[in-house]
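Next come the chains, spelled out residue by residue.
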Amino acid sequence: NAGVTQTPKFRILKIGQSMTLQCAQDMNHNYMYWYRQDPGMGLKLIYYSVGAGITDKGEVPNGYNVSRSTTEDFPLRLELAAPSQTSVYFCASSRRASRDEQYFGPGTRLTVT
Amino acid sequence: ILNVEQSPQSLHVQEGDSTNFTCSFPSSNFYALHWYRWETAKSPEALFVMTLNGDEKKKGRISATLNTKEGYSYLYIKGSQPEDSATYLCASTFGNEKLTFGTGTRLTIIP
């Protein structure tokens with residue numbers, strides 16, 4: 001049982017490039033989330049999904065896109081990377097939405113230069 | 001946007017001492033309150049999820065209380081140890097789907 005996995009661990013992008021951050025969970029959780037961590041700001045929700053085929057915006061969705069074609073996978077797409085997207089990105093999942101604890105992946109550290 | 005506030009921002013505590021910190025959240029439409037421990041270079045791990053007013057939860061030397069009527073939760077650590085050094089995050093929710101996190105309390109235990 002690997003829990004929540006994320007790839008890559010680190011990435012450097014040039015301004016204007018695109019990339020996909022991968023997230024997968026093997027706990028059969030319906031709910032999955034993408035957060036970004038900015039210094040002194042805690043975790044901000046980018047997008048979330050309540051099940052395969054269903055996604056919704058969080059607090060800071062601009063510049064990102066998501067898809068959820070399977071229960072296991074929830075990739076985050078960055079189009080036209082900007083320096084403001086330099087951050088650490090965490091994927092998380094939970095069984096029953098907000099009354100259940102969230103399980104976090106190890107994070108992806110992204111630098112846009 | 002739900003406003004979740006934590007205080008203090010940072011705290012230094014002598015090893016062996018006990019400590020506590022606060023999470024404040026809007027009391028209207030409360031659904032759940034989460035506490036997470038976040039060690040440096042790792043990812044957040046859940047400590048407690050609380051839903052009922054008056055709830056008290058305990059895990060080893062760490063405990064938490066919840067007051068949903070006045071919108072606050074306390075996290076207590078008894079007899080602090082160096083391994084307790086971490087950032088402690090709380091998060092609350094208006095509805096059933098997503099959490100709003102506070103900015104955390106960074107705890108440093110001084111040996």
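Residues numbered from 1 in each chain as written. Chains lettered and ligands numbered in written order. Predicted model: local features only at pLDDT ≥ 70, side-chain atom pairs only at ≥ 80, totals over all residues. Heavy atoms only, no water.

**Observations regarding the sheet that holds strand S6 (residues 56-59) of chain B**
Residue and element names in this part refer to chain B.
At step 1: In spatial order, the strands read S1-S3-S8-S7-S6; together these five strands make up an open sheet with antiparallel pairing. Lying at the two open borders of the sheet, with one neighbouring strand each, are strand S1 (5-7) and S6. Adjacent strand axes in the sheet meet at a mean angle of 15° when their direction is disregarded.
At step 2: Two strands pair when backbone bridges link them, and S1 and strand S3 (residues 19-24) are joined in this way by three bridges, in the antiparallel orientation. Bridging from a neighbouring strand, Gln6 pairs with Cys23 of S3. (Pairing = 2+ DSSP bridges. Helix = DSSP H or I, 4+ residues; strand = E, 2+ residues; numbered from the N terminus. Axes fitted to C-alpha atoms, helices over the stretch in contact; angles between N-to-C directions.)

**What to know about the pattern of salt bridges**
At step 1: In total, this model carries six salt bridges over all chains according to the counting rule given.
At step 2: Measuring nitrogen to oxygen at the nearest pair gives 3.1 Å for the salt bridge that ties Glu79 of chain A to Arg77 of chain A.
At step 3: Judged by relative accessible area, Arg77 of chain A falls into the partly exposed class, the value being 32%.
At step 4: Asp84 of chain B is the salt-bridge partner of Arg61 of chain B, the closest N and O atoms lying 2.8 Å from each other. A residue pair is termed long-range when its members are at least 10 positions apart, and Arg61 of chain B in the loop between S6 and strand S7 (62-67) and Asp84 of chain B in the loop between strand S8 (72-77) and strand S9 (86-93) qualify at 23 residues. (Salt bridge = Lys/Arg side-chain N within 4 Å of Asp/Glu carboxyl O. Buried < 20%, exposed > 50% of the residue type's maximum accessible area, 1.4 Å probe, protein only.)

**Here we look at the packing of aromatic side chains**
At step 1: Summed over all chains, the structure comprises 15 aromatic pairs over all chains.
At step 2: Measuring from ring centre to ring centre gives 5.7 Å for Phe104 of chain A and Tyr36 of chain B, while their planes differ by 85°; the resulting arrangement is edge-to-face. Remark: Tyr36 of chain B occurs in strand S4 (residues 32-38) and Phe104 of chain A occurs in strand S10 (residues 103-104); the pair is interchain, linking two chains.
At step 3: Exposure remark for Phe104 of chain A: the relative accessible area of 9% places this residue in the buried category.
At step 4: Judged by relative accessible area, which is 0%, Tyr36 of chain B ranks as buried.
At step 5: Both rings, one in Tyr74 of chain B and one in Tyr76 of chain B, keep their centres 6.1 Å apart while their planes meet at 70°; by these two values the pair is edge-to-face.
At step 6: Exposure remark for Tyr74 of chain B: the relative accessible area of 28% places this residue in the partly exposed category.
At step 7: Residue class for Tyr76 of chain B comes out partly exposed when judged on its relative accessible area of 32%. (Phe/Tyr/Trp six-rings, centres within 6.5 Å; stacked < 30°, edge-to-face > 60°.)

**Observations regarding the interface of chain B and chain A**
At step 1: If you look at the interface, chain B gives 22 residues, while chain A gives 24 residues.
At step 2: Between chain B and chain A lies a buried interface of about 1800 Å² when both sides are counted; carbon and sulfur atoms form 61% of it.
At step 3: Inspection of the chain B/chain A interface yields three residue pairs in polar contact (both at pLDDT 80 or more).
At step 4: Secondary structure elements with two or more residues in the side of chain B that touches chain A: S4, strand S5 (45-50) and S9 of chain B. (Contact = heavy atoms within 4.5 Å. Buried area = accessible area lost by both parts, 1.4 Å probe. Polar contact = N/O pair within 3.5 Å; in protein donor to acceptor, adjacent residues only side chain to side chain.)

**As for the sheet that holds strand S7 (residues 64-66) of chain A**
Residues and elements named next belong to chain A.
At step 1: Strand order in the open sheet formed by four strands is S1-S3-S8-S7, with antiparallel pairing between adjacent strands. Edge positions in the sheet fall to strand S1 (4-7) and S7, since each has one partner strand and no second. Ignoring which end each strand starts from, the neighbouring axes of this sheet average 20° apart.
At step 2: As paired strands, S7 and strand S8 (residues 76-78) are joined by three bridges and run antiparallel to one another. Of the residues in S8, the one forming a bridge with Val66 is Leu76.

**As for the nonpolar core**
Considering soluble globular proteins, one finds that nonpolar side chains tend to be buried as a cluster.
Residues and elements named next belong to chain B.
At step 1: One finds Phe21, Leu33, Trp35, Phe48, Leu75, Tyr88 and Leu107 to be the most contacted residues of the largest nonpolar core, which totals 23 residues.
At step 2: Mapped onto this core, the elements with two or more residues apiece are strand S2 (10-14), S3, S4, S5, S7, S8, S9 and strand S11 (105-110).
At step 3: With residues near it in sequence (within four places) discarded, Tyr88 still touches Gln6, Phe21, Trp35, Tyr36, Arg37, Leu47, Leu75, Ile77, Gly104, Thr105 and Leu107. (Core = buried A, V, L, I, M, F, W, Y, C linked by side-chain atoms within 4.5 Å.)

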